[in-house]
Amino acid sequence: MTIKKKRSFKEGELPTVSVIAELPAVKYGDKVHIFCVVSSNPSSTKVYWEKKTNNITKKINKGTSGTDGITVTNPSLIILHATDSDSGLYRCFAVNVVGIGYSSSVNLDVIGGVPEVSVPSITHLTGTGYTVTLVCKVKNAIPEVFRVYWQRYLHGSITVISSASIGIKGVTVESPSLIIPSAMESMTGEYTCFAVNSVGTGSSLPATLTVKAGGPSNIPVIISEDSDSDHSLRLELIWTLLPRTVLDSSNLELILRVQPRTDSDSST
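Residues numbered from 1 in each chain as written. Predicted model: local features only at pLDDT ≥ 70, side-chain atom pairs only at ≥ 80, totals over all residues. Heavy atoms only, no water.

## Remarks on the state of the cysteines
Moving on, step 1. Counting across every chain of the model gives 2 disulfides.
Moving on, step 2. Note that Cys36 is cross-linked by a disulfide to Cys92, the S-S spacing being 2.2 Å. Judged by the sign of its S-S torsion, about -80°, the bond between Cys36 and Cys92 is left-handed. In this pair, Cys36 sits in strand β4 (residues 36-39) while Cys92 sits in strand β9 (residues 88-95), placing the two residues 56 residues apart along the sequence. (Disulfide = S-S within 2.5 Å. Helix = DSSP H or I, 4+ residues; strand = E, 2+ residues; numbered from the N terminus.)

Following this line, the structure appears as structure tokens:
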């Protein structure tokens, strides 16, 4: 007599996996918990996570550098020190003998990183003996900026300018702009502002300073647009020094021109 064996089937269901629907933005360097709850019958045997950024998927297992958790008993993902590279969509997975269950995706946004540094005015022209300010703006300062400095580039030579440099003011974390109380022709050059935090160093685009002998006359200052401005416009400030020996508001004439941008402007 032939005995037929019954075909065996895996009994049970796929794991049910859920994560929090929304995560608040976190600061660079923070410890992050992305909670995951798994319900599984039969019991799950493995847990892992996936992170998706720019259509690139990375698998995160127990023991992945910079993480904790990700076990059957503690499926939540703990990021020990969040960086901007940790931003992305996260999904929790659980495995049992039936198959693989997974959660919906939750987005993590990490705020901070290398400081964003900009100089609103890209061209400066002044005369010897006059005060000129090269404005520097620092944003995205998480972690906090602990150092600011400038570099001047001229004829292949680079000069580093700090708050301790002779003949200047500013260049501090609180006031990153470079103030030259009495400009000299030798100060002509391209100036770049730098800000440093524990992540790295951010830098601005270069600003050009030209110092000419004598007082300024019909001095154009081209203002670069920021992200909030109308990029179809080009602003030109023209200062005209009227015949006086002392430079103050009474002998300066200001003309503001707002012109449509041309193709030649946008290509430079």
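## Considerations on the environment of Val47
Moving on, step 1. Along the chain, Val47 turns up in strand β5 (residues 46-53).
Moving on, step 2. When the C-alpha atoms of Val47 and Asn96 are compared, they prove to be 9.4 Å apart, with 49 residues separating the residues in sequence.
Moving on, step 3. Here Val47 is in contact with Ile70, Thr71, Val72, Pro75, Cys92, Phe93 and Ala94, once residues within four sequence places are set aside. (Contact = heavy atoms within 4.5 Å.)

## Topic: the sheet that holds strand β19 (residues 169-170)
Moving on, step 1. Spatial strand order, β15-β20-β19: 3 strands in an open sheet with antiparallel pairing. The outermost strands of the open sheet, each flanked by one partner alone, are β15 (132-134) and β19.
Moving on, step 2. The sheet contact formed by β19 and strand β20 (residues 178-180) spans 2 bridges and is antiparallel. What sits directly across from Gly170, in β20, is Leu178. (Pairing = 2+ DSSP bridges.)

## Notes on a nonpolar patch on the surface
Moving on, step 1. A cluster of nonpolar side chains, Leu14, Val97 and Val98, forms an exposed patch at the surface whose accessible area comes to about 220 Å².
Moving on, step 2. Structurally, the position occupied by Val97 is in the loop between β9 and β10 (100-102). (Patch = residues over 30% accessible without salt bridge, like charges linked within 9 Å, V, L, I, M, F, W, Y side chains within 5 Å. Areas by Shrake-Rupley, 256 points an atom, 1.4 Å probe, with all protein chains shown as cover. Salt bridge = Lys/Arg side-chain N within 4 Å of Asp/Glu carboxyl O.)

## Some points on the sheet that holds strand β7 (residues 67-69)
What links the strands of a sheet is backbone hydrogen bonding, and the strands pair in either a parallel or an antiparallel sense.
Moving on, step 1. As summarised here, the arrangement of the 3 strands in space is β3-β8-β7, forming an open sheet in which the pairing is antiparallel. Edge strands, defined here as strands with exactly one partner in the open sheet, are β3 (32-34) and β7. Shown here is a sheet whose adjacent strand axes are inclined to one another by a mean of 25°, direction ignored.
Moving on, step 2. Sheet topology note: the β3/strand β8 (residues 77-79) ladder contains 3 bridges and is antiparallel. When the bridges of β8 are listed, Val32 appears paired with Ile79. (Axes fitted to C-alpha atoms, helices over the stretch in contact; angles between N-to-C directions.)

## A closer look at unusual backbone geometry
Moving on, step 1. The omega torsion across Asn41 and Pro42 is 5°, close enough to zero to call that bond cis.
Moving on, step 2. Here Pro42 lies in the loop between β4 and β5.
Moving on, step 3. For the bond from Ile142 to Pro143, the omega torsion is -5°, close enough to zero to count as cis.
Moving on, step 4. Along the chain, Pro143 falls in the loop between β16 (137-139) and β17 (147-154).
Moving on, step 5. At Asn55, a residue that is not glycine, the phi angle is positive and equals roughly 65°.
Moving on, step 6. Relative to the elements of secondary structure, Asn55 occurs in the loop between β5 and β6 (56-60).
Moving on, step 7. The backbone of Ile70 shows a phi angle near 60°, a positive value even though the residue is not glycine.
Moving on, step 8. By the element assignment, Ile70 lies in the loop between β7 and β8.

## Some points on the environment of Ala207
Moving on, step 1. Within the secondary structure layout, Ala207 lies in strand β23 (residues 207-212).
Moving on, step 2. Distance from Ala207 to Pro120, taken between C-alpha atoms, is 8.9 Å for residues 87 residues apart in sequence.

## Thoughts on the packing of aromatic side chains
Moving on, step 1. On inspection of all chains with the given rule, the structure shows 3 aromatic pairs.
Moving on, step 2. Relative to Phe93, the ring of Tyr48 has its centre 4.8 Å away and its plane inclined at 5°; by these criteria the two rings are stacked. Pair noted here: Tyr48 is in strand β5 and Phe93 is in strand β9, with a separation of 45 residues, a long-range link.
Moving on, step 3. Each ring, one from Phe93 and one from Tyr102, has its centre 5.5 Å from the other, and the planes form 40°; the classification is tilted.
Moving on, step 4. The exposure class of Tyr102 is partly exposed, given its relative accessible area of 49%.
Moving on, step 5. Among the aromatic residues, those joined into a ring-pair cluster are Tyr48, Phe93 and Tyr102.
Moving on, step 6. The ring of Tyr48 carries the charged tip of Lys59 above its face, separated from the ring centre by 4.3 Å. (Phe/Tyr/Trp six-rings, centres within 6.5 Å; stacked < 30°, edge-to-face > 60°. Buried < 20%, exposed > 50% of the residue type's maximum accessible area, 1.4 Å probe, protein only. Lys NZ or Arg CZ within 6 Å of the ring centre and 35° of its normal.)

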